[in-house]
Amino acid sequence: MPWIARLRAPLTPAGQATRATAAASSVLVNVLSGLLLDSVATRILLLAIGVGAVIWAGATIVIAGHGGDIVLDLNPGDPHRDWDGYPAQVALAQAKTERPNPALIRRRLSTNPTRRAAELAEVKRRLNSASGNGAQDVTVYLNATLHDSFALGRLVRTGSFPLSLMQKSGFGQSMRYYPSVRLGSHLREPLTDTEGQQAGFLHHQTENLAVGTERLALMVVLSATPQEVVPKMRGAAGTGRSEEYVIGPGDRCRAALVITADRQVDEDSASFELTVRYIYQQWTAWLAGQDATGEHLLFLAGPTTIAMGLGWVFGPHRWRFVAHEPSGTPTVPTRARR
């Protein structure tokens, strides 16, 4: 029977963990029910077990910690995306080697734009609380999509509390996190002559796209193969149509600043912050020569911590992240990302 085949189908690691947790909870509930069925204490305990099982399998897990280290795991809520908890487990294990008792914030985000915005605002409040309302630095091990990272960066800018971001690298047993971007006003400082030379692997050019619109685009491709990605971004921004980007005919852009890299960004905080500052400097210089009255669209292929850094430097004004959703089933409508 089809339903039997589905039961026999292999589970993802996240699914196996959920099934194991549910089974263990069921056994424990049956045992306790047989021993103390009429006990008030038992009823309270059974309720706690049930709530714990729902939290583990579903929306949110928050494990309180101290010491300023937070593992942030934001599941985009996309049923077409396999999002397991392994990167968060790696981050938590690594964080424990740095400082004792790190905190874990794990949330499955809603696909409803209003609820998703409220959930990200709650994540910001938790980060602010962990920093002692700005009294201490907080190190965040970031595991999120690019568009959620950008949105969170825009939110935390208004909080003015210090965050140092850890970027995920590698896969499987080789996965690790390394320091990448520290959010702060220094990210908006212009590059010195020496830093300009260090940024020689980054390049920029402008593109004229469509007429009849005042919308502008920033396209950033931080990989060694921009020739494969930039034409798709250019086509989406110029026509408002794409099979890979969440964009509509009313989102066409008049012009774009395109920033590419000869190679991947070196895995250290100096290189990551240099990249964020280069992008911000080139954008502001280009924007000063534009008659910019429309919104700005960001296309990005790069690390999540750079997305969050760009969200911080650009702030809340007139920006919209254009998500890459090759499945054709966007997690959140384009307009919700403003």
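Refer to the structure above for everything that follows.
Cut-off values and rules
- Sequence order as written defines the numbering, with residues in each chain counted from 1.
- Per-residue local features of the predicted model are confined to residues with pLDDT of at least 70, and side-chain atom pairs are confined, for both listing and counting, to 80 or more; whole-chain, interface and lining totals are unaffected and use all residues.
- Excluded from the side-chain calculation are hydrogens and water; included are all heavy atoms of the structure.
- Axes here refer to lines fitted to C-alpha atoms; in helices the fit is confined to the stretch in contact. Angles between the N-to-C directions go from 0 to 180 degrees.
- A run of H or I in DSSP counts as a helix once it spans at least four residues, and a run of E counts as a strand once it spans at least two, with each numbered from the N terminus.
- Roughly parallel refers to an angle under 35 degrees, roughly antiparallel to one over 145, roughly perpendicular to one between 65 and 115, and oblique to any angle outside these ranges.
- Two helices crossing with the near one rotated counterclockwise from the far one by less than a right angle form a left-handed crossing, whereas a clockwise rotation gives a right-handed crossing.
- Contacts were defined at the residue level, with two residues in contact if any of their heavy atoms lie within 4.5 Å.
- Note on residue categories: nonpolar means Ala, Val, Leu, Ile, Met, Phe, Trp, Tyr, Cys or Pro, charged means Asp, Glu, Lys or Arg, and polar means any other residue, Gly included.
- Here's how the labels work: a residue is buried when its accessible area is under 20% of the maximum for its type, exposed when over 50%, partly exposed in between, all with a 1.4 Å probe on protein chains only.
- In the analysis that follows, any N or O atom pair within 3.5 Å is treated as a polar contact, provided that within protein one partner can donate a hydrogen and the other can accept it, and provided that, for residues neighboring in sequence, both atoms belong to side chains.
- Within 6.5 Å between ring centres, the rings of Phe, Tyr and Trp (the latter by its six-membered ring) count as paired, and their orientation is classed by plane angle as stacked under 30 degrees, edge-to-face over 60, tilted in between.
- Lysine NZ or arginine CZ positioned within 6 Å of the ring centre and within 35 degrees of the ring normal marks a charge as sitting over the ring.
- For two strands to be treated as a pair, DSSP must find at least two bridges joining them.
- A helix is expected to span 1.5 Å for every residue after the first.
- Handedness of a crossover is defined as follows: orient the strands so they point away from the viewer, and if the path from the first strand over the helix to the second runs clockwise, the crossover is right-handed.
- Nine residue types can take part in a nonpolar core, namely buried Ala, Val, Leu, Ile, Met, Phe, Trp, Tyr and Cys, and a core is a set of them joined through side-chain atoms within 4.5 Å.

> Would you mind going over the packing of helix 9 (residues 269-288) against helix 10 (residues 304-314) with me for this structure?
Angle between the axes and distance between the axes are the two parameters that describe a pair of packed helices. One way to put it is that helix 9 packs onto helix 10 with a least axis distance of 10 Å and a crossing angle of 40 degrees. On the basis of the axis angle, helix 9 is oblique to helix 10. Crossing of helix 9 against helix 10: the hand is right-handed. Residues Phe272, Thr275, Val276, Ile279, Tyr280 and Trp283 of helix 9 touch helix 10, and the partners they reach there are Thr305, Ile306, Gly309, Leu310, Val313 and Phe314. Per-class residue counts for the contact of helix 9 with helix 10 are 9 nonpolar, 3 polar and no charged.

> Sorry, what's going on with the side chain of Gln94 here?
Its location among the elements puts Gln94 in helix 4 (residues 86-98). A relative accessible area of 18% means that Gln94 is categorised as buried. Within the structure, Gln94 has its side chain in polar contact with the backbone oxygen of Tyr177 (distance 2.7 Å). Leave out the neighbours within four places in its chain, and Gln94 touches Tyr141, Met166, Arg176 and Tyr177.

> For this particular structure, what's the right way to read the packing of aromatic side chains?
Working definition: an aromatic ring pair is given by the centre-to-centre distance plus the angle between the planes. For the structure shown, the criterion picks out 9 aromatic pairs. Judged by centre distance (5.7 Å) and plane angle (65 degrees), the ring pair of Tyr141 and Tyr177 falls under edge-to-face. One end of the pair, Tyr141, is in strand 4 (residues 138-143); the other, Tyr177, is in strand 6 (residues 176-183), with 36 residues separating them in the sequence. Its relative accessible area of 3% is what places Tyr177 among the buried residues. Sitting above the plane of the Trp312 ring, Arg157 keeps its charged end 5.5 Å from the centroid. The ring of Phe201 carries Arg263 above its face, with NZ or CZ at 4.1 Å from the centroid.

> What exactly am I supposed to notice about the sheet that holds strand 7 (residues 202-208) here?
Backbone hydrogen bonds hold the strands of a sheet together, and the pairing may be parallel or antiparallel. Here we have 5 strands laid out as an open sheet, ordered 7-9-8-10-11, and mixed in their pairing. The open sheet has two edge strands with one neighbour each: strand 7 and strand 11 (319-321). Neighbour-to-neighbour, the strand axes of this sheet turn through a mean angle of 20 degrees, independent of strand direction. Bridge count for strand 7 against strand 9 (residues 255-261) is 7 bridges, and the pairing is antiparallel.

> Mind showing me how you'd approach unusual backbone geometry here?
Leaving glycine aside, a negative phi is the common case for residues, and trans is the common case for peptide bonds. Unlike most non-glycine residues, Asn101 shows phi in positive territory, near 55 degrees. By secondary structure assignment, the location of Asn101 is in the loop between helix 4 and strand 3 (103-108).

> Mind showing me how you'd approach the environment of Glu189 here?
By the secondary structure assignment, Glu189 is in the loop between strand 6 and helix 7 (193-198). Owing to a relative accessible area of 44%, Glu189 belongs among the partly exposed residues under this scheme. Considered as a pair, Glu189 and Arg277 are 88 residues apart in the sequence and their alpha carbons are 6.8 Å apart.

> How should I be thinking about helix 6 (residues 146-157) in this particular structure?
Residues spaced three or four apart along an α-helix point in a common direction, a consequence of the helix completing one turn every 3.6 residues. Along its 12 residues, helix 6 runs 17 Å from first to last C-alpha, staying within 8% of the 16 Å computed at 1.5 Å per residue. Every buried residue belonging to helix 6 is among His147, Asp148, Ser149, Phe150, Leu152, Gly153, Arg154 and Val156, and all of these are buried.

> Would you take a moment to explain the pairing of strand 2 (residues 69-75) for this structure?
Each regular strand carries side chains that alternate between the two faces of the sheet. In terms of burial, strand 2 is largely enclosed, as 7 of its 7 residues are buried. Of the two faces of strand 2, the one holding Asp69, Val71, Asp73 and Asn75 and the one holding Ile70, Leu72 and Leu74 are both buried throughout. One ladder, built from 5 bridges, connects strand 2 with strand 4; its direction is parallel. Note on strand 4: the bridge partner recorded for Ile70 is Val140. Handedness of the strand 2-helix 4-strand 3 crossover: right-handed.

> Quick question: what am I supposed to make of the nonpolar core here?
Considering soluble globular proteins, one finds that nonpolar side chains tend to be buried as a cluster. Counting residues in each nonpolar core, the largest one holds 55 residues, and the members touching the most others are Leu163, Leu183, Leu218, Leu298, Leu310 and Phe314. Ranked by residue count, the leading element in this core is helix 9, at 8 residues. Look past the residues within four positions of Leu218 in its chain and what remains in contact with it is Leu257, Ile259, Ile279, Trp283, Leu297, Leu298, Phe299, Phe314 and Trp319. Listed in part, the 16 residues of the second largest apolar core include Met219, Cys253, Leu297 and Val322.

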